[in-house]
Each structure stands twice: as C-alpha cells, then as structure tokens.
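A closer look at the structure
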Amino acid sequence: MTKTLIRGRLLSFLRRPEAIDDTASYRYEEDGGLLVENGRIVASGAYAGVRDVAGDADEIDHRPHLILPGLIDTHLHFPQMQVIGSYAANLLEWLNTYTFPEECRFVESEHAARIARHFYDEMIRHGTTTAVAYCSVHKASADAYFAEALKRGMRMIGGKVMMDRNAPQGLLDTPEMGYDETRAVIAEWHGKGRNHVAITPRFAITSTPAQMEMTAALAREFPDLHIQTHLSENHDEIRFTSELYPEAIDYTDVYAKYGLLGRKSLFGHCIHLSEREADAMSEAGAVAVHCPTSNLFLGSGLFPLKSLSRREKPVRIGVATDVGGGTSYSMLKTMDEAYKIQQLLGERLNPFESFYHMTLGNAEALSLADRIGTLEAGTDADFVVLDAAATPAMALKMEVVRSLTDELFLLQTLGDDRAVRETYVAGRPMKAML
Ligand SMILES: [Zn+2]
C-alpha cells in the first residue's frame, strides 16, 4: 500500500492537562507531519524530520488547519437518529413516548441498514472516528451496525441491547434470548475488522434479576469485553430502580452485585452518585460517561465532572453525545455544553482539558489508548482536520485569536461539523467521499 505524508499543525495529548498552562501534557507541532502506511501512523513529528523518512510518499497539505486524533464518542444510541429533538418533559416520558416506539422499527433489517449508513455518515461528518453505541434489542440492529463499521474500516464498539421488562412487547427479549443473541453477536462480529462488541443491558429498570444473572454470566465468560449501561441519570429513575432492586444498597450496587462494575464498564450519566457510589466506581476503575447535551435537554442534572475527577478516590470519566437524548453529533458542541455545566457548578474546564477528553481521555476511558486518541507512531491512522475559521462568524473571531488556547476554545464554542475539513479513518480521507 502506498505511503501518505500529511502536513499540518499537529496537536496530540500525552496525558490529562493539570492546568491551562500545562504544556507538558500535549505535543504541538506548528509545522507537523504524519506518515501513514497500511492504516497506521508510522512516523509523527516536525514536518522536516518526517519528510526525510517519507521517501516517495504522496503528500497532502492541510496547513493552516489543526490535525488532531479522531474524536471519540463513548455513548450514543444508533437507533435514535429519528428520536433526536423529540419534545418530552423528562427521561421516562421521553423513553416511553418517542424512543421505545422508534426502536421497535429496528426489527426490520432494511430499516436498520439504512439508518446505519446515515449513522456512519454523521460520525464522519462530525470528525468522530470511534464511537460506543447501543443498538436496539433486535440482533438485526447489531448486525447492521457492525456490517457498516466493517465496510468503512472504523474502530467501533457496540452491543445488542438486552431488556426484558418495562418496555413495549416489540422491544423485549428474554434472559435466554438476550444471552444467546449477545453470544451470537460476539461470535459473528467481535474482532472482525476493527469491531468490538460490548455487553449491553440497557439499564436496571428494563432488566429483570434473571436477565441481570445472564448478563453477569456473559461478563464472566468474556472478561475482556466492554460493558455499557446507564446509571443515576434522573431522580425518578433512581427511585424506580431501588423499588425494583430493594436488596441493593443503591443504584450502583445493583450493577456491582451482578459483577458489572469493572475497568471496561461504561456507565452513562452518573449525575447523582452518592459518595459511597463514587468510591465504589473509583475502586472498581469503572467509567462515568458524561453526556452534557442530553443532561441539559432532558433536564436530568449537572454532572460534577471536576469534583469527581479531583476527589481522593477519583472516578474515571468519559464524554459523549448520547444521541438521541443528546442534541448534537458533534463532540465540539458536546464539550461546549460540558463547559457551561461546569460554569453553573462554579468550576472551570479549560480548552486543553476539553480536547483531551474528546481524544486521549476517551481512548483511556475505553482502555484503547494504545491504538486511538493519539497521533503517536504505531497507532491507528484515525485523525481529524479542524478549521477554526470555518464559518463567517468563526473567521471574524479568528482575526483576533493569538494563541492555541483561544483557537481551541473558539472551535469548541462555535464549531460543529462545518469546522471538520476532513476525517481520516485508517489513513483514508472519508469526508470527501460522502
Ligand atoms: Zn444513553
């Protein structure tokens, strides 16, 4: 396969920034080069040095734009593309009125395949190269999701949802069906191309204890797989969960009792955790996934991102869109809203932290930092080209921007898919092909 040399301004994080002036937390090359071969980054650094080892590589010049690792979205729902922007009072009303009826349609393979095509188009349009999605309860939805990921060569994580109560008949499996179909999805898709299958009980409310036992069995049989579910999003949800699982100390304990609390476990929301729950999450190394646009849209609450990460027992944190509860596919927009939530809590979230979270931070949350979320040599060639002057309003503001800090903050505050000039997946420019 031919080599490609990509030129532009490179920004890649090495670890979580501790402060706005923590320049040791990232690598920035004003005139940088990435040498790509066979879907991998084989050299990365100052352009002059990379060019010296590039031989007869084709060259693509993205100057003056910024090149970052591909953005990562750690929680969203692939069957909710036609649920986004539905007018509901709160989580449970939104689920029952809009979401559950819509997800019923994914029993049809053709519908699932069509929405999967749109789903990946939106990922690419928004610069997201890896996402972690819930499919619907139907195996056909997971088949469509992974088939399309394979076609596009993307590193994607997803799972067939397991749910056997408190939803319409068309959305229910049984403990045995959930187990068998999840095993079938793992056998057919896990490790195929860049696909990762996640064990996916929707949340405690929609699974009986019998189904949770089957989920526990899957987690024991496949200890390397991700597990994804929802936790502590809304007060009515928390109350209902404690009625359904009276023997559990609290909501987190429901999952802990079934062995679902571990380093590969991704818990959507975690807004209202008690100190005990945060300790339990921290001790297990489980990940709290912050979904700001969804939390604001559904009025669920303000996620204590800063206080969870600086406590004595810090909680690992991911960030995500949570489409269709979330209102944008853009990780830039997502961090714009995350910033505002911290403002309301009297906290500051600096732009370096935000861009860390969208890239390396989320890769670390997924235990995949050796492959994605970075521009280091040896990793997957998934990256995004961002233009901070993409719209007239952004271009006007860029006239007075003097620092990388301000440029990143402008991208986060005014940016969306229009700021994404190109999205590379395994070294191939994908946005141009849409
Ligand atoms: Zn969700």
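Here's a quick rundown of the structure. Just so it is clear, the structure is predicted and the values come from calculations on it, not from any experiment. (Residues numbered from 1 in each chain as written. Predicted model: local features only at pLDDT ≥ 70, side-chain atom pairs only at ≥ 80, totals over all residues. Heavy atoms only, no water.)

1. Thoughts on the overall build of the protein
Our working rule: A run of H or I in DSSP becomes a helix once it reaches four residues, and a run of E becomes a strand once it reaches two; helices and strands are each numbered from the N terminus. Two things to know: the radius of gyration comes from C-alpha atoms, and the globule rule equals 2.2 Å times the number of residues to the power 0.38. Here, two residues are considered to be in contact whenever any of their heavy atoms come within 4.5 Å of each other. Note on areas: Shrake-Rupley, 1.4 Å probe, and residue coverage restricted to the protein chains presented here. The positive count covers Lys and Arg only, the negative count covers Asp and Glu only, and His and the chain ends enter neither. One atom stands in for each charge, and that atom is NZ of Lys, CZ of Arg, CG of Asp or CD of Glu.
For the protein, the count of helices and strands is 15 helices and 16 strands. Taken against the 2.2 N^0.38 rule, which gives 22 Å for 434 residues, the C-alpha radius of gyration of the protein at 21 Å falls within 12% of a compact globule. The principal-axis extent of the C-alpha atoms belonging to the protein is close to 65 × 45 × 40 Å. Nonlocal contacts in the protein, meaning residues at least 24 apart in sequence, comprise 75% of its contacts between residues at least 6 apart. Summed over its atoms, the accessible surface of the protein is roughly 15,800 Å², and 52% of this surface lies on carbon and sulfur atoms. Seen as two clouds, the 44 positive and the 60 negative side-chain charges of the protein have centres 3 Å apart.

2. Details of the side chain of Asn 362
Using the following cut-off: Any residue under 20% of the maximum accessible area for its type is buried, any over 50% is exposed, and the rest in between are partly exposed; the area is computed with a 1.4 Å probe on protein chains only.
Position of Asn 362 among the secondary structure elements: in helix α13 (residues 351-365). Under the relative-accessibility criterion, Asn 362 is labelled buried at 0%. Non-local contacts of Asn 362, meaning those with residues more than four positions away in its chain, are made with Ile 72, Asp 73, Thr 74, Gly 318, Val 319, Met 331, Tyr 356 and His 357.

3. A short note on the pairing of strand β1 (residues 4-13)
The cut-off we apply is this: Paired strands are those between which DSSP finds at least two bridges.
Among the 10 residues in β1, 10 count as buried, and that is most of the element. Summarising the sheet, β1 and strand β4 (residues 58-69) pair through six bridges and their orientation is parallel. Following the sheet pairing, Arg 7 is matched in β4 by Asp 61. Both β1 and strand β2 (residues 26-37) contribute to a ladder of nine bridges, which runs antiparallel.

4. Some words on helix α3 (residues 109-125)
Operational definition: One less than the number of residues in a helix, times 1.5 Å, gives the span that helix is expected to have.
Between its first and last C-alpha atoms α3 spans 24 Å; for 17 residues at 1.5 Å apiece the expected length is 24 Å, and the two agree. Those residues of α3 lying buried are His 111, Ala 112, Ile 115, Ala 116, Phe 119, Tyr 120, Glu 122, Met 123 and Ile 124. The inward-facing, buried residues of α3 contact β5 (71-77), α2 (91-104), β6 (128-134), α4 (139-152), β7 (156-159) and β15 (420-425). Positive phi appears at Gly 127, one or two residues downstream of α3, with a value of about 80°.

5. Brief notes about the pattern of salt bridges
The test is simple: By convention in these notes, a salt bridge is any Lys or Arg side-chain nitrogen within 4 Å of a carboxyl oxygen on Asp or Glu.
Following the criterion strictly, the structure yields 36 salt bridges and no others. Among the ionic pairs, Arg 40 bridges to Asp 380, the shortest N-O distance being 3.5 Å. Of this pair, Arg 40 sits in strand β3 (residues 40-46) while Asp 380 sits in the loop between α13 and β14 (383-386), placing them 340 residues apart in sequence. Since its relative accessible area comes to 4%, Asp 380 is described here as buried.

6. Digging into the nonpolar core
Stated precisely, the cut-off is as follows: The set of buried Ala, Val, Leu, Ile, Met, Phe, Trp, Tyr and Cys residues whose side-chain atoms join them within 4.5 Å is what this entry labels a nonpolar core.
Counting 107 residues, the largest nonpolar core has Phe 78, Phe 119, Tyr 145, Tyr 255, Met 281 and Phe 355 as the members making the most contacts within it. The element that contributes the greatest number of residues to this core is α3, accounting for seven residues. Ignoring anything within four residues of it in the chain, the contact list for Phe 78 reads Phe 106, Ala 112, Ile 115, Ala 116, Phe 119, Ala 133, Tyr 134, Cys 135, Ser 141 and Tyr 145. In terms of nonpolar packing, the next biggest core, distinct from the first, is built from 14 residues, Ile 72, Leu 266, Ala 365 and Leu 366 among them.

7. Topic: the coordination of the zinc ion
Operational definition: A donor here means an N, O or S atom no more than 2.8 Å from the metal, or no more than 3.2 Å when the metal is Na, K or Ca. Since water is not included, a site may seem to lack partners. By the criteria applied here, four donors are tetrahedral when all angles lie between 85 and 135 degrees, four are square planar and six octahedral when opposite donors are over 155 degrees apart and every other angle lies between 65 and 115, and any other arrangement is irregular.
The coordination sphere of the zinc ion, as far as protein atoms go, consists of His 75 (NE2), His 77 (NE2), His 230 (NE2) and Asp 322 (OD), spread over 2.1 to 2.4 Å. With four donor atoms in place around the zinc ion and angles of 88 to 169° between them, the coordination shape is irregular. Given a relative accessible area of 3%, His 77 falls into the buried group.

8. Structural notes on the sheet that holds β14
The strand order across the open sheet built from seven strands is β3-β2-β1-β4-β14-β15-β16, with neighbouring strands paired in mixed fashion. The sheet terminates laterally at β3 and β16 (428-429), the two strands that pair on one side only. As judged from the six bridges shared by β2 and β3, these two strands associate in the antiparallel manner. Bridge pairing in β3 links Gly 33 to Gly 45.

9. What about the packing of aromatic side chains?
Applicable threshold: The aromatic pairing rule takes the rings of Phe, Tyr and Trp, using the six-membered ring of Trp, and pairs them if the centres are within 6.5 Å, calling planes under 30 degrees apart stacked, those over 60 edge-to-face and the rest tilted.
If you walk through the whole model with that rule in mind, you get 16 aromatic pairs. For the ring pair Phe 146 and Trp 189, a centre distance of 6.1 Å and an interplane angle of 25° mean the geometry is stacked. Note that Phe 146 is positioned in helix α4 and Trp 189 in helix α5 (residues 175-189), a separation of 43 residues in sequence. We note that Phe 146, like Trp 189, is buried. Judged by centre distance (5.4 Å) and plane angle (40°), the ring pair of Tyr 255 and Phe 267 falls under tilted.

10. Focus on unusual backbone geometry
Of the consecutive residues Arg 63 and Pro 64, the connecting peptide bond is found in the cis state with omega at 5°. With respect to the helices, strands and loops of the structure, Pro 64 is situated in strand β4. Val 323 connects to Gly 324 through a cis peptide bond whose omega is 0°. Checked against the element boundaries, Gly 324 lands in the loop between β13 (316-319) and α12 (331-344). Unusually for a residue other than glycine, Ser 232 sits at a positive phi of about 55°. Note that Ser 232 resides in the loop between β10 (226-231) and α7 (235-244). A relative accessible area of 1% places Ser 232 in the buried class. Its identity as a non-glycine residue notwithstanding, Asp 322 has a phi of 55°, on the positive side. If you trace the backbone, Asp 322 turns up in the loop between β13 and α12.

11. Some remarks on the side chain of Ser 12
How we decide: Contacts described as polar in this section are N or O atom pairs within 3.5 Å, which, within protein, must combine one atom able to donate a hydrogen with one able to accept it, while residues neighboring in sequence count only if both atoms come from side chains.
Mapping Ser 12 onto the fold places it in strand β1. For Ser 12, a relative accessible area of 3% corresponds to the buried category. A distance of 2.9 Å separates the side chain of Ser 12 from the backbone nitrogen of Leu 375, its partner in a polar contact.

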